[in-house]
Amino acid sequence: MIRILKITPYTPLKSCQVSLLSCDTISQTKAKIIDAMYRTVPDSLKPTPNDVDVEWKNGSSSSLRLVDMLHNTQDGWKQLDTLGTLNIDDQAVFQCIPRQSPPPFMSQSGGAPSCNSLLREIENGRVWHLERDVDNDSDGKGLSGVKTVPEVFLTRLSATKIPLQKFVDDLFNVIFTPNEGITSLPPCVKYLMDLLDSEANRLQINDPEVLHTWKNNALPLRYWISIIKSPDVVFDVRKNNNIDSCLSVIAQTFIDATYYEDMTIDKSSQSSRLLYCKEIPTYKQHVREFYGEIQTCRPVTEVDVDVAFNKDKKQTQLRKQSALYEMFNYACRFSEELRESLQDKGYRDLADQFLSIADVGTENQPPYDKHSV
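Residues numbered from 1 in each chain as written. Predicted model: local features only at pLDDT ≥ 70, side-chain atom pairs only at ≥ 80, totals over all residues. Heavy atoms only, no water.

## Overview of the packing of helix α4 (residues 187-202) against helix α9 (residues 280-296)
Phase 1 of the analysis: Closest axis-to-axis distance for the α4/α9 pair is 10 Å, and the angle between their directions is 90 degrees. Considered as vectors, α4 and α9 are oriented roughly perpendicular to each other. When α4 is examined against α9, the residues Val189, Lys190, Met193 and Asp197 are found in contact with a partner set consisting of Tyr291, Ile294 and Gln295. (Axes fitted to C-alpha atoms, helices over the stretch in contact; angles between N-to-C directions. Helix = DSSP H or I, 4+ residues; strand = E, 2+ residues; numbered from the N terminus. Parallel < 35°, antiparallel > 145°, perpendicular 65-115°, else oblique. Contact = heavy atoms within 4.5 Å.)

This is the structure in structure tokens:
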């Protein structure tokens, strides 16, 4: 735990306490400091680690500017310095200031100050932080000379999973358990599920797995999985490689929970599936109960749709013409299929009208290949 002084006069917090690890590099330290001091600021407005410098305050007057440096190890490999190797104690005081000039990246072996030298080392794959890249070693072994076994990390992942388990459970509860009962479900979701039920009855599909798969592909695997894997599309947040890896594990668990049949998990399964193998049956039950509750809800009426639409219209700026234009373009792509479907259902006049309108609208548009979708 260290104390951080304010970065600029525009920083939301004048000072704060930041928890750091002894294995953090200077760049990682700056990233954590920025996240702590700008936690209420959208990511697009936050400074990056390259925009600030960090100084280690020693007393009231002296300070030391910290930058990423390298020190030599064996076989030509170089390791990045960390807070531990720099002997930075607990309760140290750091001050972040706007970067005035590019910092020199120096090697303790006495090389010339150059930012390009570090970049060249990284590109050559000869720089390591905590573990050497076994892919770049001729014998496939790390610094200790012992080959790394991936299964060893499963125990560490299980320990990391414990403090995060509540948040994962809350995610499934929010998605598959309405907050105020089933009546709070959006009318469009109820209408979509009823449409799939009616189509299954019309086609005499009695296999419950088929209908379950339809519903999964219509809502959870089409809508929610995109938000889980890419929250930066909806929110102004940063998704680095570490967060992306964690979200991929949650997304895989989400996908497994929507499967109708139970999956066979053994020692050869992915670590992500082994990590949540005990929770997946519970999540599966949530999904099935969710679809069951939707079926027991009363059908959606035009009044329900109008109320929901007017409510959304007040909260968001909807452009009617743009929405109609996008729907028209989508319908034109499948004009033949729609015409045949309307004719089969006895709406021949409506099919002819639609086809004439579609022909007029697509005269000046390039041909569309439906197989490219």
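## Points about the environment of Lys30
Phase 1 of the analysis: Looking at the secondary structure, you find Lys30 in helix α1 (residues 26-37).
Phase 2 of the analysis: Of the residues examined, Lys30 reaches a relative accessible area of 6% and is grouped as buried.
Phase 3 of the analysis: Sequence spacing of Lys30 and Asn50 is 20 residues, and the spatial spacing of their C-alpha atoms is 8.8 Å. (Buried < 20%, exposed > 50% of the residue type's maximum accessible area, 1.4 Å probe, protein only.)

## Examining the packing of aromatic side chains
Phase 1 of the analysis: Applying the stated criterion across every chain yields a total of 8 aromatic pairs.
Phase 2 of the analysis: Summarising the aromatic geometry, the rings of Phe172 and Phe254 are spaced 5.6 Å apart at their centres and angled 35 degrees between planes, so their arrangement reads as tilted. Of the two residues, Phe172 sits in helix α3 (residues 152-176) while Phe254 sits in helix α7 (residues 241-258), which places them 82 residues apart along the sequence. We note that Phe172, like Phe254, is buried.
Phase 3 of the analysis: Note on Phe290 and Tyr291: the rings are 5.8 Å apart at their centroids and 50 degrees apart in plane angle, and the pair reads as tilted.
Phase 4 of the analysis: Counting every residue linked through ring pairs, the aromatic cluster contains Phe172, Phe176, Phe254, Tyr283, Phe290 and Tyr291. (Phe/Tyr/Trp six-rings, centres within 6.5 Å; stacked < 30°, edge-to-face > 60°.)

## Some thoughts on unusual backbone geometry
Residues apart from glycine generally show negative phi values, whereas peptide bonds are mostly found in trans.
Phase 1 of the analysis: Of note, Asn87 is a non-glycine position whose phi angle comes to about 60 degrees, a positive value.
Phase 2 of the analysis: On the secondary structure map, Asn87 appears in the loop between β6 (78-80) and β7 (93-98).
Phase 3 of the analysis: Judged by relative accessible area, Asn87 falls into the exposed class, the value being 57%.
Phase 4 of the analysis: We note that Gln204 has phi near 55 degrees; this positive angle belongs to a residue other than glycine.
Phase 5 of the analysis: Residue placement: Gln204 occurs in the loop between α4 and α5 (208-218).
Phase 6 of the analysis: A relative accessible area of 67% places Gln204 in the exposed class.

So yeah, pure geometry; function would need other evidence.
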